[in-house]
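# Structure assessment
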Amino acid sequence: MTRAAIFISDSTGITAETLGSSILSQFENQKFEHIVIPYVDTMAKAHSAVEKINRAAAETGNQPIVIDTLVDEHLRAVIATSQGFIIDVLGTFVSQLEIALGEAPSRTVGRAQSAVRDAEYKLRIDAVNYALDNDDGARLNRYDQAEVILIGVSRSGKTPTCLYLAMQSGVFVANYPITEEDMEGDRLPKALLEHRNRLFGLTIEAERLSAIRSERRPNSRYASLRQCEDELRQAEAMFIRFGIPYLDITHASVEEIATRVLLDTGLRGHKR
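Since the structure is predicted, the reported quantities are computational estimates derived from the model, not experimental observations.

Turning our eyes to something else, we now look at the overall build of the protein chain. Secondary structure assignment for the protein chain yields nine helices and eight strands. At 24 Å, the protein chain has a C-alpha radius of gyration far larger than the 19 Å of a compact globule built from 272 residues. When the backbone C-alpha atoms are referred to their principal axes, the protein chain occupies close to 70 × 45 × 30 Å. Counting the 272 residues in the protein chain, one finds 40% classified as buried. Total accessible area on the protein chain stands at roughly 15700 Å², and carbon and sulfur atoms take up 50% of it. Charged side chains in the protein chain number 31 positive and 38 negative. The centres of these two groups are separated by 4 Å.

Going through the model one piece at a time under the given rule, you end up with nine salt bridges. The residue Arg221 makes a salt bridge to Glu180 at a minimum N-O spacing of 3.1 Å. In this pair, Arg221 is assigned in the loop between α7 (206–216) and α8 (225–241) and Glu180 in the loop between β6 (173–177) and β7 (199–203), connecting sequence segments 41 residues apart. When its relative accessible area of 53% is taken as the criterion, Arg221 is described as exposed. The partner of Arg260 in a salt bridge is Asp264, and the shortest N-O contact between them spans 3.1 Å. With Arg260 and Asp264 both in helix α9 (residues 254–265) and four residues apart, the pair spans about one turn of that helix. Put simply, Asp68, Arg76 and Asp88 are held in one network by salt bridges that share partners.

Turning next to α7. Those residues of α7 lying buried are Ala206, Leu209, Ser210, Ile212 and Arg213. For α7, the buried positions fall inside an angular range of 165° around the axis, keeping them on one side. Away from its buried face, by an angle of more than 90 degrees, α7 presents the exposed residues Glu207 and Glu215. Among the structural elements, α8 are those in contact with the buried residues of α7.

What follows is about the sheet that holds strand β2 (residues 31–37). If you walk across this open sheet you meet the four strands as β2-β1-β3-β4, and the pairing is parallel. Strands with a single pairing partner mark the edges of an open sheet, and in this sheet they are β2 and β4 (85–88). Taken over all neighbouring pairs, the strand axes of this sheet differ in orientation by 20° on average, direction set aside. As defined by bridge partners, strand β1 (residues 2–8) adjoins β2 across seven bridges and the pair is classed as parallel. Bridge pairing links Ile6 to Ile35 in β2. The sheet strands contacting helix α1 (residues 14–24) are β1, β2 and β3 (65–68), and the helix crosses β1 at an angle near 145°.

Examined against the element boundaries, Arg213 turns out to sit in helix α7. Polar side-chain contacts of Arg213 include one of 3.1 Å to the backbone oxygen of Ser154. Those residues within four positions of Arg213 in sequence are excluded, and the remaining contacts are Val153, Ser154, Arg155, Tyr222, Ala223, Gln227, Cys228 and Glu231.

A sheet is described by the order of its strands in space; here four strands give the open sequence β6-β5-β7-β8, paired in parallel fashion. In the strand order of this sheet, the two ends are held by β6 and β8 (246–248), each with one partner. Sheet twist, expressed as the average angle between the axes of neighbouring strands with direction ignored, equals 25°. Relative to β8, β7 runs parallel, the two being bridged by three bridges. Across the sheet, Leu202 pairs through a bridge with Leu247, a residue of β8.

The phi dihedral of Asp136 is positive, around 55°, even though this residue is not glycine. Mapped onto the secondary structure, Asp136 falls in the loop between α5 (114–133) and β5 (148–152). Of note, Arg155 is a non-glycine position whose phi angle comes to about 70°, a positive value. Within the fold, Arg155 resides in the loop between β5 and α6 (158–169).

Before going further, it helps to examine the confidence of the model for the protein chain. Of all residues in the protein chain, 94% have pLDDT values of 70 or greater, and the mean over the chain is 91. When mean pLDDT is compared element by element in the protein chain, β7 scores highest at 98, while α5 scores lowest at 83.

About the cut-offs
Residues numbered from 1 in each chain as written. Predicted model: local features only at pLDDT ≥ 70, side-chain atom pairs only at ≥ 80, totals over all residues. Heavy atoms only, no water. Helix = DSSP H or I, 4+ residues; strand = E, 2+ residues; numbered from the N terminus. Rg over C-alpha atoms; globule rule 2.2 N^0.38 Å. Buried < 20%, exposed > 50% of the residue type's maximum accessible area, 1.4 Å probe, protein only. Areas by Shrake-Rupley, 256 points an atom, 1.4 Å probe, with all protein chains shown as cover. Lys, Arg positive; Asp, Glu negative; His and termini not counted. Charge placed at Lys NZ, Arg CZ, Asp CG, Glu CD. Salt bridge = Lys/Arg side-chain N within 4 Å of Asp/Glu carboxyl O. Arc of directions from axis to C-beta. Contact = heavy atoms within 4.5 Å. Pairing = 2+ DSSP bridges. Axes fitted to C-alpha atoms, helices over the stretch in contact; angles between N-to-C directions. Polar contact = N/O pair within 3.5 Å; in protein donor to acceptor, adjacent residues only side chain to side chain. pLDDT = per-residue confidence, 0-100.

Below, the structure is given as structure tokens:
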């Protein structure tokens with residue numbers, strides 16, 4: 001039976017859901033319905049959240065799992081009156097750090113320094129704009145601004161990975177689609193020659209690529225299994241020939257792909 005997993009936060013709820021989802025994913029035999037309740041920053045909203053928790057308990061017949069990142073202890077006390085099984089993510093770590101650091105926490109909501117937050121926000125916006133402007137080889141003359149250039153055959157996951165890296169990490173990423181023409185010679189495509197040390201390849205299993213392409217152009221040569229196999233074989237041969245690191249993304253989420261790109265290129269935790 002489905003059990004409600006309720007994520008409560010005095011901010012966006014992204015942290016609560018991300019961390020909570022990682023924890024709940026360890027229980028493979030359980031089916032969870034995710035419910036996010038953000039911006040619980042008043043007593044009225046806290047009581048409203050309790051009503052939602054209790055309603056979920058009544059509808060599913062199971063005790064909801066409630067994962068919260070609330071800072072205000074008074075709001076947390078209200079949530080604790082619900083019928084949910086409460087997991088205080090923030091408090092679990094803060095209380096232990098208080099002992100280790102010998103300092104009481106500020107208990108301030110949205111504690112991030114505004115100047116740092118604003119700078120990081122601007123960086124991510126600039127990175128997203130760059131990714132959009134340089135998608136699919138649109139502006140080859142701006143590759144010198146890229147921190148990494150993703151290359152691969154059409155529909156091998158380059159664009160979503162670029163946008164995720166830009167939005168989440170502020171990395172300036174361009175991408176270049178390898179075409180049949182690019183594979184004819186023994187050299188890298190001209191546009192990539194000067195940027196060889198910033199190239200990172202993406203590949204995918206032929207069956208999966210064929211299925212993805214068929215959604216776009218069904219019953220076409222472009223989507224045929226044989227065409228996909230030929231393109232992928234030649235693209236991977238190019239990666240190996242020129243020593244370009246690459247990753248098979250067939251069974252990976254965009255988050256996993258982005259993390260591997262950052263790790264393998266040394267951009268993890270980068271500061272532009």
